[in-house]
Protein chains: 6
Amino acid sequence: MIQKHIIHRLIQSALEEDVGTGDITTTAALTGAEVGRAKVFAKSNIVVAGIDVFREVFLILDKSIQFSGHCEDGRTVKKGGLLAEISGNLGSILTAERVALNFFQRMCGIATLTRQYVDEIKGTKAKILDTRKTMPGLRCIDKYAVKIGGGTNHRYGLYDGVLIKDNHIAAAGGISKTLARVRGHIPHTLKVEVEVKNLQEVEEAIISGADLIMLDNMTNEDMKKAVAIVNGKVPLEASGNVTLANVRKIAETGVDFISVGALTHSVPASDISLKIE
Amino acid sequence: MIQKHIIHRLIQSALEEDVGTGDITTTAALTGAEVGRAKVFAKSNIVVAGIDVFREVFLILDKSIQFSGHCEDGRTVKKGGLLAEISGNLGSILTAERVALNFFQRMCGIATLTRQYVDEIKGTKAKILDTRKTMPGLRCIDKYAVKIGGGTNHRYGLYDGVLIKDNHIAAAGGISKTLARVRGHIPHTLKVEVEVKNLQEVEEAIISGADLIMLDNMTNEDMKKAVAIVNGKVPLEASGNVTLANVRKIAETGVDFISVGALTHSVPASDISLKIE
Amino acid sequence: MIQKHIIHRLIQSALEEDVGTGDITTTAALTGAEVGRAKVFAKSNIVVAGIDVFREVFLILDKSIQFSGHCEDGRTVKKGGLLAEISGNLGSILTAERVALNFFQRMCGIATLTRQYVDEIKGTKAKILDTRKTMPGLRCIDKYAVKIGGGTNHRYGLYDGVLIKDNHIAAAGGISKTLARVRGHIPHTLKVEVEVKNLQEVEEAIISGADLIMLDNMTNEDMKKAVAIVNGKVPLEASGNVTLANVRKIAETGVDFISVGALTHSVPASDISLKIE
Amino acid sequence: MIQKHIIHRLIQSALEEDVGTGDITTTAALTGAEVGRAKVFAKSNIVVAGIDVFREVFLILDKSIQFSGHCEDGRTVKKGGLLAEISGNLGSILTAERVALNFFQRMCGIATLTRQYVDEIKGTKAKILDTRKTMPGLRCIDKYAVKIGGGTNHRYGLYDGVLIKDNHIAAAGGISKTLARVRGHIPHTLKVEVEVKNLQEVEEAIISGADLIMLDNMTNEDMKKAVAIVNGKVPLEASGNVTLANVRKIAETGVDFISVGALTHSVPASDISLKIE
Amino acid sequence: MIQKHIIHRLIQSALEEDVGTGDITTTAALTGAEVGRAKVFAKSNIVVAGIDVFREVFLILDKSIQFSGHCEDGRTVKKGGLLAEISGNLGSILTAERVALNFFQRMCGIATLTRQYVDEIKGTKAKILDTRKTMPGLRCIDKYAVKIGGGTNHRYGLYDGVLIKDNHIAAAGGISKTLARVRGHIPHTLKVEVEVKNLQEVEEAIISGADLIMLDNMTNEDMKKAVAIVNGKVPLEASGNVTLANVRKIAETGVDFISVGALTHSVPASDISLKIE
Amino acid sequence: MIQKHIIHRLIQSALEEDVGTGDITTTAALTGAEVGRAKVFAKSNIVVAGIDVFREVFLILDKSIQFSGHCEDGRTVKKGGLLAEISGNLGSILTAERVALNFFQRMCGIATLTRQYVDEIKGTKAKILDTRKTMPGLRCIDKYAVKIGGGTNHRYGLYDGVLIKDNHIAAAGGISKTLARVRGHIPHTLKVEVEVKNLQEVEEAIISGADLIMLDNMTNEDMKKAVAIVNGKVPLEASGNVTLANVRKIAETGVDFISVGALTHSVPASDISLKIE
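Residues numbered from 1 in each chain as written. Chains lettered and ligands numbered in written order. Predicted model: local features only at pLDDT ≥ 70, side-chain atom pairs only at ≥ 80, totals over all residues. Heavy atoms only, no water.

Draft legend 1. Representation of helix H4 (residues 90-120) of chain F. Residue and element names in this part refer to chain F. The end-to-end C-alpha distance of H4, which contains 31 residues, comes to 42 Å, matching closely the 45 Å that a straight helix rising 1.5 Å per residue would cover. Largest kink in H4: about 45 degrees, centred on Glu-97. With 28 of 31 residues buried, H4 is to be regarded as a mostly interior element. Among the residues of H4, the N-terminal cap falls to Asn-89, whose side-chain oxygen and the backbone nitrogen of Gly-91 are separated by 2.9 Å. (Helix = DSSP H or I, 4+ residues; strand = E, 2+ residues; numbered from the N terminus. Expected span 1.5 Å × (residues − 1). Bend = angle between axes of the 7 residues up to and from the residue. Buried < 20%, exposed > 50% of the residue type's maximum accessible area, 1.4 Å probe, protein only. Polar contact = N/O pair within 3.5 Å; in protein donor to acceptor, adjacent residues only side chain to side chain.)

See below:
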């Protein structure tokens, strides 16, 4: 699902960053002829994401490595569970280890956190969305991991979706004026989403023909009213200060989407370790 | 301190990732002629890091932007504090906003977390070290932010420092054998660090001539003994499961360095917002 | 409107392709010190597009060139009209000339042809659309020139619009099945367009919830019926074998859009010449 | 004949331009497991050029695709003729289709047009030449297609051939002065071509030692006289406003070469279609 | 004369190779605020080449550096002579020093050695040629330095000149057969050079219509005979084992060109030093 | 030992430099179908270095080439010895030949010269070091060849070793002040080397805690005294004007390292030839 040439380029550049002109420790400590096997374990409960990226790092460094995955993206693995076995040249495995884990631990971390949000709102109609608050250069793996965790991807960037935010409205002069202008200038294949901050703006957005409405930092009370006002005409997205503690209440207001920046800007890495047997 | 061409390349590629073939919302909503001013505020207490990177994003997108920073890297800013004012073409400011914040919020997040660790061990002789557990491709900004937060940088990558880890020892066959081999193969300008997991290995490392010793996941009790055994001959680095809750106890064992992976692999972004006036 | 770094990269690479290790004729014929002025004329009636790209080629090669444009993108210039004056180092002007004209002549060619289509359907509600049948690597300038000529841009690539074509339907098994599948997998910010080849499929597409319908190679008679069937519920796009000769009849069927591949895959270059005075 | 790394880079970049972060339609419409076969047909009479480039696009996207070509470059295929069969993953075939056709339709278009010019002057000694009026970045495929169509390639760029044009002569001050200067500065391995616009300049060029002479926009009458004056001492190239309608008359003046910019700057794409069976 | 974007890219990549993630000595030793002046001296007699490249390294690293050159390319400077003064930030000067000198010392070395060859054959009609035996990636600076030293450039690469070598003749089957084949396939703007190893082959080459003949490792006696046989019809190039000791004798055989691989494959660097005052 | 992606990139870029848009001689002289075998011989006594790089050039150009090496890096081969046999497409072999030899002749040249220095000081405890005086962009192959020749690599660049030179001391104000500053700012994993120019500075360096001392252009007499003063506390490196003629005397002073810039800045290429059978 991630474009291969993009992931290839990311791995190549991460390896260049870490290995540089050579892994001097491994080169000095080993003869280069050692072969063996490493096992990769989850050290906490995780939702697996990026096992292919993880494998690819070893293979880009050394085509002769044998990689045997013991899980698939989206699967939950308990603490202590075996994720993969890697065998072949030990020098190659040691050199690739850190870069491979840096990718994998972040991707599993994102999927695991996303799954927690998704589980939290089970039974409601709401879906968890990601945002553009991703690591610079790593958006494709961040968004992929959100999807694997059960989340829904919002637009990828500024070029493939229209989202009129408060700053646009401030700069352009009012919701209806901005929406009218935008309609005339964007491709006919795109929907238009508008950010609003109160119920009056919700009504203005509807009248102005918004296809989607983002409720920014509104109280649950007001969001319930917004749901009633909109009455199914367009989908609603809740946004702002969403946490695991408050997400269910938000979902229960009846909104269609809840976007969570923390999924990608403040996510703890999953704890995963690789051990030479 | 970060090499300019590296940061320039990172920003360029983050802008390409986000803006792609164009910011369709801004292009459609604005005429292109609007000018104005935006203010950037801290929405929580932060240690500033990366103000230059933040500014550079706007300037790379549009050379005519005026950027006026109200803080310097390393400075603490309270919730609500003004970080910068940006004036000029509003379209440019809106298009650059998210990428600029993605860099800045991460860097401040790292510096802020590092500072908490550093403050926690004040009065001991220990220093907080970073690791290679950084975001793929973003190591230079991650390590810079650690330094700004008061931390000390460990080696940059596999090419500029020697660290013999448990997996190397497993693959090569014992500490003393590995150290002897390594000595003969590395540049004479580098010190050799060895990871050990108990007191017996500490003694073996000393005898084998290690320049630095990393104590991996040892109890505070054992680390105190290690300090006594080593008796100032070589510096000691504590590593493994370090948290804000336990870091002071670790520092009080008398070790010289404490390395903390979480500084860069599990750091929450600082909350910062940009508002058009 | 074209992203600056993209156009910069295209020009740089076109210059490298043409100039390679050096313009041996100019270097040998001139001393390098000659300065003077060149005038650029339209040698047929044209709609100007890409005057900024044209200028940029000279400036990327030699910052000291003075470029004075005598027209703006979108303006019609008669045969013999003066388009620009360029003064400065004559060697630089001669070396950049061909690459600059190659870009400019294509862009004006596209805008000029687009304008002819647009003029042809004046008074109808239809809009002229471009396609993805652009020169490999030059899509941004091709689509920009269509817009300048008065055309409307369709999606930019496979990533920012959904268009279910006959081959997708063949591979996935029927219109309604395909549409249902697609709805569940795409971002909620995008509309879904479906290609149909007869009136029965038009009805199936409507029922299945298509947001846009492309009528592929249908007769004008059938397109009129499709317009009646759809009755304004979704926009219709006519496609296939559109020429200047038949475009007005197609527009008069009442469709909303007419897409024309020839605008970018079979366009004659505008005739433009540069003369040293 | 085209350098592999150049064509590889062109295809890669065309795919990135079109596919971007992913073909959302194909990914959503198909499961990813569908396999099948597509046939590629000529929809008008064409001279085939670029079948290897066409195949390479599919293979670069997906190594497992089977491509079976039914023609070779240079062969004429009648309207309706089968050009190739492609089998394997249908998703891959659909994603690669447009980029593959964009290359192939242009290359066949150029070869087909070139062949028409070549056929038109059959029996004369003249050869059809291309120019530097090619698509920016695509010169290697444009020139290759001209050769396949039976044309002869002129110099590739400014670095591998000397052509003193009217603007050089204007800037340097006269034909003989320019030729003398040039002789002293260019590699001894290159011939020198001079552009002239009347018979007097033809004589001046001969006396000044030109190796080749380009007759710019001269009447057929004058070109005949030039042929007589030159009398086989150096080859002559006719240039300017050459069309299919007038090319035979030009060839019959006895010139050695006729250069035709339209072969690459104003060529209609060949009509080719790909259908999933 | 060297294409700016090529030299810029070479310098950029040399700086990245040397400076990497930062000049740790300079950063640690200085505060970053020190300013001052450095002088650059010749420590042996040299022919200057590459002063612009030398300057550019400092400016690419730090735009604020003031560089004042005291010589021009082609000028001879005696041991002890001042070549340049550089003032500004001392940290920048120290960081750029080695890369700048690596380019400059090589270029001066080549020009100095070339000048010795040129001086050695003064009064004869022969010219000193370079070869393709240059440092991988540095051909443009190597060939430029040869020219500055008074040498003449042979073709730049395999794409801009035709040189049929013994291995081609062996593979294709004889001189006349090879020449006939080649004539039919190369652009009409290029001359054809043939390598021969005895007088019989000289005659065969003439008859077959070679434009230039390379005499490979022939005795001076035989080269004199070759000059007589050819009698001015085509230029002759002597090649193989040319040294400063034997070059004059070779020139006196009457050949037109003498190519010297050692100019670029075995050249000693000029001794140049930079001192902070 | 050289990072594969670096060497791959160097070869790719050297091939692009030399072959450009195509090897016109080989393409014209051969049909493309010729197959055969070439032998590669040493034409002087050499120490082999870079046989893998040499092979890689042929394989990057044409995967189907069979390459059979008859020697390993580090082996001495006498004049006339067979180094390798290459069989397959003759066109590919001829096109790759020059680039392959340019790399191989330089690398063997460096290894051969290094071996001479190493042999010269046999029996002493000193080791021969390289410097940063390498060809821009080719440091990895230069340093690799030194190692193969029996030399020892100094730091790779400015980022992985600390060397305080005279210019740093001049800029920062004295040895002890500089050393104190540096200690506080560099990673704890690196040793600190200081350049000194007399015995007084040797003592100052020792007192200031230098880990390594470079003796710059000191007499053998003084170097002996320095050895006595230092008395094994830190290693000493002799530097400046080292030649094959004086290197043994220097080694006999008792220094630990002798650095030789000429190994990489003034090395003659080894004479190697490739002949089609």
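Draft legend 2. Summary view of the interface of chain D and chain C. The partner chain C presents 64 residues to the 64 residues of chain D that form the contact. Where chain D abuts chain C, roughly 5200 Å² becomes buried across the two surfaces, and 57% of that area is made up of carbon and sulfur atoms. Considering only the surface of chain D that becomes buried against chain C, Glu-17, Leu-158 and Asn-167 of chain D emerge as the three largest contributors, covering 14% of it. The tally of links between chain D and chain C comes to six salt bridges. Linking Lys-275 of chain C and Asp-166 of chain D is a salt bridge whose minimum nitrogen-to-oxygen distance equals 2.3 Å. Taken together, chain D and chain C are joined by 38 residue pairs in polar contact (both at pLDDT 80 or more). (Contact = heavy atoms within 4.5 Å. Buried area = accessible area lost by both parts, 1.4 Å probe. Salt bridge = Lys/Arg side-chain N within 4 Å of Asp/Glu carboxyl O.)

Draft legend 3. Spatial organisation of the relation of the copies chain A and chain B. In screw terms, the move from chain A to chain B is a rotation of 180 degrees and a rise of 0.0 Å along the axis, fitting with an RMSD of 0.0 Å. The two molecules are tied by a two-fold rotation axis, judged by turn and shift. A high fraction, 100%, of the interface residues of chain A reappear at the interface in chain B, so the copies pair face to face through one surface. (Least-squares fit on C-alpha atoms with pLDDT ≥ 70 in both.)

Draft legend 4. Here's a closer look at the interface of chain A and chain B. Counting from both sides, the interface comprises 64 residues of chain A and, opposite them, 64 residues of chain B. For the chain A face of the interface with chain B, the top three residues by lost area are Glu-17, Leu-158 and Asn-167 of chain A, together amounting to 14%. The tally of links between chain A and chain B comes to six salt bridges. In this structure, the salt-bridge partner of Asp-18 of chain A is Arg-139 of chain B, at a minimum N-O distance of 2.5 Å. Those elements giving two or more residues to the side of chain A that touches chain B turn out to be helix H1 (4-19), helix H2 (24-29), helix H4 (90-120), helix H5 (139-148), strand S7 (162-164), helix H6 (166-172), helix H7 (175-185) and strand S12 (272-276) of chain A.

Draft legend 5. Focus on the arrangement of the chains. The two units chain B and chain D never meet; even their closest C-alpha atoms stay 9 Å apart. What separates chain A from chain E at the closest point of their C-alpha atoms is a distance of 9 Å, and the two make no contact.

Draft legend 6. The arrangement of the domain arrangement of chain A in detail. All names here are of chain A. Entries for chain A in the domain assignment read domain 1 (4-113 + 268-276) and domain 2 (119-265). Centre-to-centre separation of domain 1 and domain 2, based on C-alpha positions: 36 Å. Across the interface of domain 1 and domain 2, roughly 1200 Å² is buried in total on both sides, 75% from carbon and sulfur atoms. The largest contributions to the domain 1 side of the interface with domain 2 come from Arg-106, Ile-110 and Leu-113, which together make up 46% of the buried area. Applying the counting criterion to the domain 1 and domain 2 interface returns one salt bridge. Taken together, the connections running from domain 1 to domain 2 amount to three residue pairs in polar contact (both at pLDDT 80 or more). Of all elements in the fold, only H1 and H4 reach the threshold of two or more residues within the side of domain 1 that touches domain 2. Considering every element that reaches the side of domain 1 that touches domain 2, the biggest residue donor is H4, with six residues. Grouping the constituent residues of the side of domain 1 that touches domain 2 by class yields 10 nonpolar, two polar and two charged. (Domains from an automatic or database assignment. Nonpolar A, V, L, I, M, F, W, Y, C, P; charged D, E, K, R; others polar.)

Draft legend 7. Molecular detail of the packing of helix H7 (residues 175-183) of chain B against helix H8 (residues 199-207) of chain B. All names here are of chain B. As a packed pair, H7 and H8 sit with axes 9 Å apart at the nearest point and diverge in direction by 30 degrees. In terms of their interaxial angle, H7 and H8 are classed as roughly parallel. Regarding H7 and H8, the two cross each other, and that crossing is right-handed. The segment H7 lies against H8, with Ile-175, Ser-176 and Leu-179 engaging Glu-201, Glu-204 and Ala-205. Class assignment for the residues of the contact of H7 with H8 results in three nonpolar, one polar and two charged. (Axes fitted to C-alpha atoms, helices over the stretch in contact; angles between N-to-C directions. Parallel < 35°, antiparallel > 145°, perpendicular 65-115°, else oblique. Left-handed = near helix turned anticlockwise from the far one by under 90°.)

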